[in-house]
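An overview of the molecular structure
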Amino acid sequence: MGHPWPVTVFCVLGDAHLDVVVCPEGPVAEETDTPARTWVGAGGQAANVAAWIAALGGQARLIAARGTDQAARLVAGDLQNHGVPRYGPVIEGPTGVVVSLSYDGARRSMLTDRGVGPELSAAALDEAWLAGCGLLHLPAYSLTRSPVSGAALAAAARVPRLSVDLSSTAVLQDYGVARFRALLARLRPEVVFGNEAEAGLIGDLPGTDLVVKLGARGVRAGGTVYPAHPADATDPTGAGDAFAAGYLVGGVSVGLAAAARAVAKMGAMP
């Protein structure tokens, strides 16, 4: 299944925060120490997708608010190292931090503090940030909380093609599943990505390609299940974002190869 759109520049609007990935070596022991392996670096669904697009040979721009703490400098440096130009206002406040508890290379749970990420507003959006963009990718995180949702909708009105990631069952349920379906019907994205649980909540989307990420089983796209590429799974953090980036750059096979690379290492970045 090939890449459906000739796109030169991909824009991704959403969070850029600090990821802390923790792989405990056993059950977490209360009130004492538990040995673990850790990884710290830039993260956030939007930042992850942009970084993987760049790693796969595409041209990506990340549009995200930036905080004023030390973590903001760490995130900015990491994104620069991954070849991702970042646009967006500096907003007084902390950078978002997400702690991912990763188990067995297959499961992970996230503790999320989005910091200033949701504070990007439509009024702060600069037309030049979107100039030349052929496709805008929006995580559901960017569509379900104000004021960043206003910036996301304003950006979507200025870019010819749109893709959306369903992001999180918790986010969809908090926002309202029927309400989010209605939003998708208005936006009419050409492709929507989601895992099985997220896609199960949203259901069929007439006129939109729904690509379902099946974890170790691969993906379902266009009614066909494509098996995952073999990988020595270490940490699943960011694998779905890597797949989405690969799909946008070159279709299912590129997405599956990127996901296999992602699960074989710690952390969400390439």
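The shown structure was predicted, so the numbers you read here are calculated from the model rather than taken from an experiment. (Residues numbered from 1 in each chain as written. Predicted model: local features only at pLDDT ≥ 70, side-chain atom pairs only at ≥ 80, totals over all residues. Heavy atoms only, no water.)

**Brief notes about the state of the cysteines**
As a reminder, the rule being used: Criterion for a disulfide: a pair of cysteine sulfur atoms at a distance within 2.5 Å. Under the DSSP-based scheme used, a helix requires at least four consecutive residues in state H or I and a strand at least two consecutive residues in state E, with every element numbered from the N terminus. Exposed residues in this analysis have more than 50% of their type's maximum accessible area, buried residues have under 20%, and partly exposed residues fall in between, with area computed by a 1.4 Å probe over protein chains only.
Enumeration according to the criterion identifies one disulfide in this entry. Two residues share a disulfide in this structure: Cys-11 and Cys-133, whose sulfurs sit 1.6 Å from each other. With a gap of 122 residues between them, Cys-11 in strand S1 (residues 9-13) and Cys-133 in the loop between helix H3 (127-130) and strand S8 (135-139) connect regions that are remote in the sequence. For Cys-11, a relative accessible area of 0% translates into the label buried. Using a relative accessible area of 6% as the deciding quantity, one classes Cys-133 as buried.

**Description of the packing of helix H1 (residues 45-55) against helix H8 (residues 239-250)**
Here is the rule: Geometry is summarised by axes, namely lines fitted to C-alpha atoms with helices restricted to the contacting stretch, and by angles between N-to-C directions that run from 0 to 180 degrees. Working definition: roughly parallel below 35 degrees, roughly antiparallel above 145 degrees, roughly perpendicular at 65 to 115 degrees, and oblique for all remaining angles. Whether a crossing is left-handed or right-handed is set by the direction in which the near helix is turned from the far one by less than a right angle, anticlockwise for left-handed and clockwise for right-handed. It only takes one pair of heavy atoms within 4.5 Å for two residues to be counted as in contact.
The contact between H1 and H8 brings their axes to 8 Å, and the two run at 45°. By the criterion of interaxial angle, the relationship of H1 to H8 is oblique. Both H1 and H8 take part in a crossing whose hand is right-handed. Contact residues: H1 offers Gln-45, Asn-48, Val-49, Trp-52 and Ile-53, while H8 offers Asp-241, Ala-242, Ala-245 and Val-249.

**Considerations on the sheet that holds strand S7 (residues 107-115)**
Our working definition: Strand pairing is defined by DSSP finding a minimum of two bridges between the two strands.
In space, the four strands of this open sheet follow the order S3-S2-S6-S7, with mixed pairing throughout. Two strands in the sheet have a free side with no partner beyond their single neighbour: strand S3 (36-43) and S7. The average angle at which neighbouring strand axes cross in this sheet is 15°, direction not considered. Both strand S2 (residues 17-24) and S3 contribute to a ladder of eight bridges, which runs antiparallel. The partner of Pro-24 across the bridge, within S3, is Ala-36.

**A few points about unusual backbone geometry**
The linkage connecting Ser-146 with the following residue, Pro-147, adopts the cis geometry, with an omega of 5°. Residue position: Pro-147 is located in the loop between S8 and helix H4 (148-156). Even without glycine at this site, Glu-31 takes up a positive phi of about 65°. Its place among the elements puts Glu-31 in the loop between S2 and S3. Overall, Glu-31 belongs to the exposed group, its relative accessible area being 82%. Although it is not a glycine, Arg-188 adopts a positive phi angle of roughly 55°. In this fold, Arg-188 is placed in the loop between helix H6 (177-187) and strand S10 (191-195). Judged by relative accessible area, Arg-188 falls into the exposed class, the value being 68%.

**So, the pattern of salt bridges**
Short version of the rule: A carboxyl oxygen of Asp or Glu within 4 Å of a side-chain nitrogen of Lys or Arg is what we treat as a salt bridge.
Under the criterion given, the structure shown has five salt bridges. Where Arg-161 meets Glu-190, a salt bridge forms, and the shortest distance between an N and an O atom there is 3.4 Å. With a gap of 29 residues between them, Arg-161 in the loop between H4 and strand S9 (162-165) and Glu-190 in the loop between H6 and S10 connect regions that are remote in the sequence. Overall, Glu-190 belongs to the partly exposed group, its relative accessible area being 26%. Two residues, Lys-213 and Asp-165, come together in a salt bridge whose shortest N-O distance is 2.9 Å. With a gap of 48 residues between them, Lys-213 in strand S11 (residues 209-213) and Asp-165 in strand S9 connect regions that are remote in the sequence. For the pair Lys-213 and Asp-165, one class covers both residues: buried.

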